[in-house]
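Residue strings, one per chain:
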Amino acid sequence: MDNKEIYERLNEVFRDVFDDEDIVVKADTTADDIEDWDSLEHITLISAVEREFKVKFKMGEISSMKNVGEMAQIIAERAK
């Protein structure tokens with residue numbers, strides 16, 4: 001799975017979770033960039049991403065992710 005496909009699928013997940021068809025995530029996208037991305041929505045988002053990509057993030061990974069790029073990197077590594 002290449003980065004383009006990962007970001008296309010992440011965009012769909014983000015749009016669904018935040019109910020906003022205008023969201024376009026990039027590597028440097030953070031919670032500050034999306035209006036409704038709070039701690040509760042973060043849990044919903046992580047669960048949705050895990051379902052979409054059939055991966056399970058470790059607790060340390062979840063707490064250390066600084067942006068969408070780091071999330072995409074973990075997904076790319078697991079998809080190999």
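All of the points below concern the structure found in this document. This one's a predicted model, so the numbers in the text were calculated from it and none came from an experiment.

### Points about the pattern of salt bridges
The final tally for this structure, using the stated rule, is six salt bridges. With its nearest N and O atoms 2.7 Å apart, the salt bridge here joins lysine 4 to glutamate 8. Residue lysine 4 and its partner glutamate 8 are both found in helix H1 (residues 3-18); the two are separated by four residues, about one turn of the helix. Relative accessible area serves as the criterion here: at 42%, glutamate 8 is assigned to the partly exposed category. Among the salt bridges present, the one from glutamate 61 reaches arginine 78, with a minimum N-O distance of 2.6 Å. Note that glutamate 61 is positioned in helix H3 (residues 59-64) and arginine 78 in helix H4 (residues 68-78), a separation of 17 residues in sequence. Salt bridges here are not isolated pairs; linked through shared partners, they connect Glu5, Arg9 and Glu52.

Thresholds applied
- Residues numbered from 1 in each chain as written.
- Predicted model: local features only at pLDDT ≥ 70, side-chain atom pairs only at ≥ 80, totals over all residues.
- Heavy atoms only, no water.
- Salt bridge = Lys/Arg side-chain N within 4 Å of Asp/Glu carboxyl O.
- Helix = DSSP H or I, 4+ residues; strand = E, 2+ residues; numbered from the N terminus.
- Buried < 20%, exposed > 50% of the residue type's maximum accessible area, 1.4 Å probe, protein only.

So yeah, pure geometry; function would need other evidence.
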